[in-house]
Structures are given as structure tokens and as C-alpha cells.
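# Fold and geometry: a report
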Amino acid sequence: VVARTFGNPRRRLEVMSITKGFVGIAIELLIEDGKIASLDAPISTWFPEWNVGKKALVTLRHVMNHSSGLAHKAAGGELARQPDRLAYVRALPIELEPGTVFSYNNEATQLLSGVAKAVGEALDTYLQRRLFDPLGIPRIDWRRDAAGNVMASEGLSLSAEELAKVGVVLRDHGVYKGAVVLPPAVLTRMQEPSKNASWHGPLTWLLYDGPWQVQSATRREALVAQGFDRESK
């Protein structure tokens, strides 16, 4: 509706973990393009060394739903220090039975950068062609690690207006200015709740009030008293 910079230069900002949502869109589009069979494809399809033990049980869906069981840190500091993030996460052990526990996992998400590259195109160049170009968004800024891997848990920069365009596409069922940018099947899969976390789909937050709240219950009641609807976000 309106974008203001209050006298500052108009520029892109890193969208941090919103990057994961775009990685999820990329994987969904790769399925539509026939490059990936389905979300139930095992990760060992692209990383043969994973075809052993519990790693052999991990699927693309597990990674997208944060239920891979891959070892990870609570924050992203250790991952950020790695010169080759993909090599680092490929070598991590599985600590939990795949598919059983929702645990927000930056490390597992990085695997998806390798999946995209393995099927023929880096995440940034693929999404530029399949998503950003159709929206009239010029060459995006997406950071890579020292080894050249596109970052998947963070690293994408967009302006507020550019991010809003993607929001409009999602709101309007994948259509932008009369053209289908995200096919219906992509949106359907994105909105499929995880088995162990009904508030989350494949790298997509379906509800912001999952096991936590931005506002406390007391604060929410105070906002209601001030005239806000209980469903206000």
C-alpha cells in the first residue's frame, strides 16, 4: 500500500529466515518442473553417502518439515562460521528418529541448496528465472559461502516492495497480473500441515501461534480491550 524510507536510500535488506520460505518455493517448483520426483524422495538421492543407517530414512519432506533429526545448534552461529556449509551439514549425524520430532533446523535446510544444484541449477539463478523474473524483480542479492554454496537458512536480500509482490502472489492463489507464477499444486503442497507440527508446512509457517506466541496471553487480552480483534496479527 505504501513504502517509506524516511529520507534514507531505498535499498534491499536481508530477509534472514524468510529465505527458507523461498528455498521451499524453489523445491516445490523443481517438483513441478519434473526435476525432483516428490517430497518423499530420500536425501540419499543427491547425497549417496547418506544411504546408510538413519540417514537413509531422511526424505526431502523431513528436511522441509524440520523433522529430519539432523544434529543442529539452537542458533546459527556455528553454521555461519563454516567456509563450506554444505560439506559441514552433510557430515553431521542424525540424532533423532527422522519424521518424529519438529525441531527448527538451519543446518538441515542447507542441504536443499545442494539438492537444487544437483538437479542442474543453483538456487539463486533458478529462482531468478522461475519466480523473480516473472514478478519483474531485477537480479536478486543472495549470499554464498566461501565454497560457493548458496545459503539456504538465510542470505536473501529483498526490498519491502519486492517481498510484498511475493505476498500478493501467495494471496492471489499464485497469479500475478493475470499470469500463473506458482501453479496450484505448489500452493497445495505448501499448505499441507506437517504430521508432527500442524502449524507448519514444507518450509512454510501456516499459523504464527504454534507452540509460542509473539504476545503473551495477558498482553493479548489488553489489546482486545483496546479494540483489536482476537485474531489480529
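Below or above, wherever it landed, is the structure these notes cover. Along each chain, numbering runs from 1 in the same order as the chain's sequence is written. Predicted model: local features are reported for residues with pLDDT of at least 70 only, side-chain atom pairs are reported and counted for 80 or more only, and whole-chain, interface and lining totals are derived from all residues. In computing side-chain properties, one takes all heavy atoms of the structure into account and sets aside hydrogens as well as water.

### Focus on the overall build of the protein chain
To keep things clear, this is the line we draw: Helix and strand definitions here come from DSSP, where helices need a minimum of 4 consecutive H or I residues and strands a minimum of 2 consecutive E residues; each element is numbered from the N-terminal end. Only C-alpha atoms enter the radius of gyration; for comparison, a globular chain is expected to reach 2.2 Å times N to the power 0.38, where N is the number of residues. For the exposure calls, accessible area comes from a 1.4 Å probe over protein chains only, and a residue counts as buried if that area is under 20% of its type's maximum, exposed if over 50%, partly exposed in between. Pairs of residues are marked as contacts when any of their non-hydrogen atoms sit within 4.5 Å. Areas reported here follow the Shrake-Rupley algorithm with a probe of radius 1.4 Å; residue values treat only the protein chains shown as occluding. Charged-residue counts in this description rest on Lys and Arg as positive and Asp and Glu as negative, His and the chain ends being excluded. Charge positions are represented by NZ for Lys, CZ for Arg, CG for Asp and CD for Glu.
Looking only at helices and strands, the protein chain has nine helices and seven strands in total. The C-alpha atoms of the protein chain give 19 Å as radius of gyration, which agrees with the globular expectation for 233 residues (17 Å, within 12%). Looking at the protein chain as a whole, 45% of its 233 residues are labelled buried. Within the protein chain, counting contacts between residues at least 6 apart in sequence, those at least 24 apart form 65% of the total. Just so you have it, the protein chain exposes about 12,100 Å², and 56% of that area is on carbon and sulfur atoms. Here the protein chain contributes 28 positive and 25 negative side-chain charges, whose respective centroids are spaced 3 Å apart.

### Here's the deal with the packing of aromatic side chains
Selection rule: Here a pair means two rings of Phe, Tyr or Trp (six-membered ring of Trp) with centres within 6.5 Å. Their orientation is stacked below 30 degrees between planes, edge-to-face above 60, and tilted elsewhere.
Counted under the stated rule, the structure contains four aromatic pairs. Centroid distance Phe102 to Trp199: 5.5 Å. Interplanar angle 70 degrees. Geometry classified as edge-to-face. Taken together, the positions of Phe102 in the loop between helix H4 (85-90) and helix H5 (106-118) and Trp199 in the loop between helix H8 (184-190) and strand E6 (200-201) put the pair 97 residues apart, joining distant regions of the chain. For the residue pair Phe102 and Trp199, the accessibility class agrees, reading buried in each case.

### A few points about the side chain of Glu154
Under the convention used in this document: Between N or O atoms, a polar contact is any pair within 3.5 Å; within protein, one atom must be a potential hydrogen donor and the other a potential acceptor, and residues adjacent in sequence are included only when both atoms are from side chains.
Mapping Glu154 onto the fold places it in the loop between strand E2 (141-142) and strand E3 (156-158). We classify Glu154 as buried; its relative accessible area is 16%. Separated by 3.2 Å, the side chains of Glu154 and Arg85 make a polar contact. Discounting chain neighbours no more than four positions away, the residues touching Glu154 are Glu14, Met16, Thr19, Arg85, Trp142 and Arg143.

### A few points about empty space enclosed by the protein
Quick reminder of the rule: Using protein atoms alone on a 1 Å grid, points that fit a 1.4 Å probe yet trap it form a cavity, whereas open point sets bounded by protein on both sides within 12 Å along at least five of seven lines form a pocket; residues with an atom within 4 Å of a point count as lining. Grid points are joined across faces, edges and corners, and a volume is the space filled by probe spheres set on the points. Here the nonpolar group is Ala, Val, Leu, Ile, Met, Phe, Trp, Tyr, Cys and Pro; Asp, Glu, Lys and Arg are the charged ones; every other residue, Gly included, is treated as polar.
A complete count under the given rule lists one cavity of 30 Å³ or more for this structure. Lining the largest cavity are His66, Ser67, Ser68, Gly69, Leu70, His72, Leu96, Val101, Ser103 and Asn105. In the lining of the largest cavity, the residues fall into three nonpolar, seven polar and no charged.

### A few points about unusual backbone geometry
Of note in this structure, Phe6 is not a glycine but carries a positive phi near 55 degrees. Here Phe6 is to be found in the segment before strand E1 (13-14). For His66, which is not glycine, the phi dihedral falls at a positive 60 degrees. Following the sequence through the fold, His66 ends up in the loop between helix H2 (60-64) and helix H3 (77-80). For His66, a relative accessible area of 2% puts it in the buried group.

### Comments concerning the sheet that holds E2
Across a sheet, paired strands are connected by hydrogen bonds in the backbone, their directions being either parallel or antiparallel. As a reminder of what qualifies: Criterion used throughout: strands pair if DSSP finds at least two bridges between them.
Taken in spatial order, the three strands of this open sheet run E1-E3-E2, and their pairing is antiparallel. Both edges of this open sheet fall to E1 and E2, since each of them pairs with a single strand only. Across two bridges, E2 lies against E3 in antiparallel orientation. Within E3, the position partnered with Trp142 by the bridge is Leu156.

### Digging into the packing of helix H1 (residues 18-32) against H5
This is how it is decided: Angular values range over 0 to 180 degrees, each being the angle between N-to-C directions of two axes fitted as lines to C-alpha atoms, with helices fitted over their stretch in contact. Here the angle decides the label: under 35 degrees means roughly parallel, over 145 means roughly antiparallel, 65 to 115 means roughly perpendicular, and every other value means oblique. Left-handed describes a crossing whose near helix is turned anticlockwise from the far helix through less than a right angle; right-handed describes the clockwise counterpart.
Two elements in contact, H1 and H5, have axes separated by 11 Å at closest approach and are oriented at 40 degrees. With respect to H5, the axis of H1 lies oblique. Like other packed secondary-structure pairs, H1 and H5 cross with a definite hand, here left-handed. Together, Lys20, Val23, Ile27 and Leu30 of H1 and Asn106, Thr109, Leu112, Val115 and Ala116 of H5 make up the contact between the two elements.

Any functional reading would require information that these geometric values do not contain.
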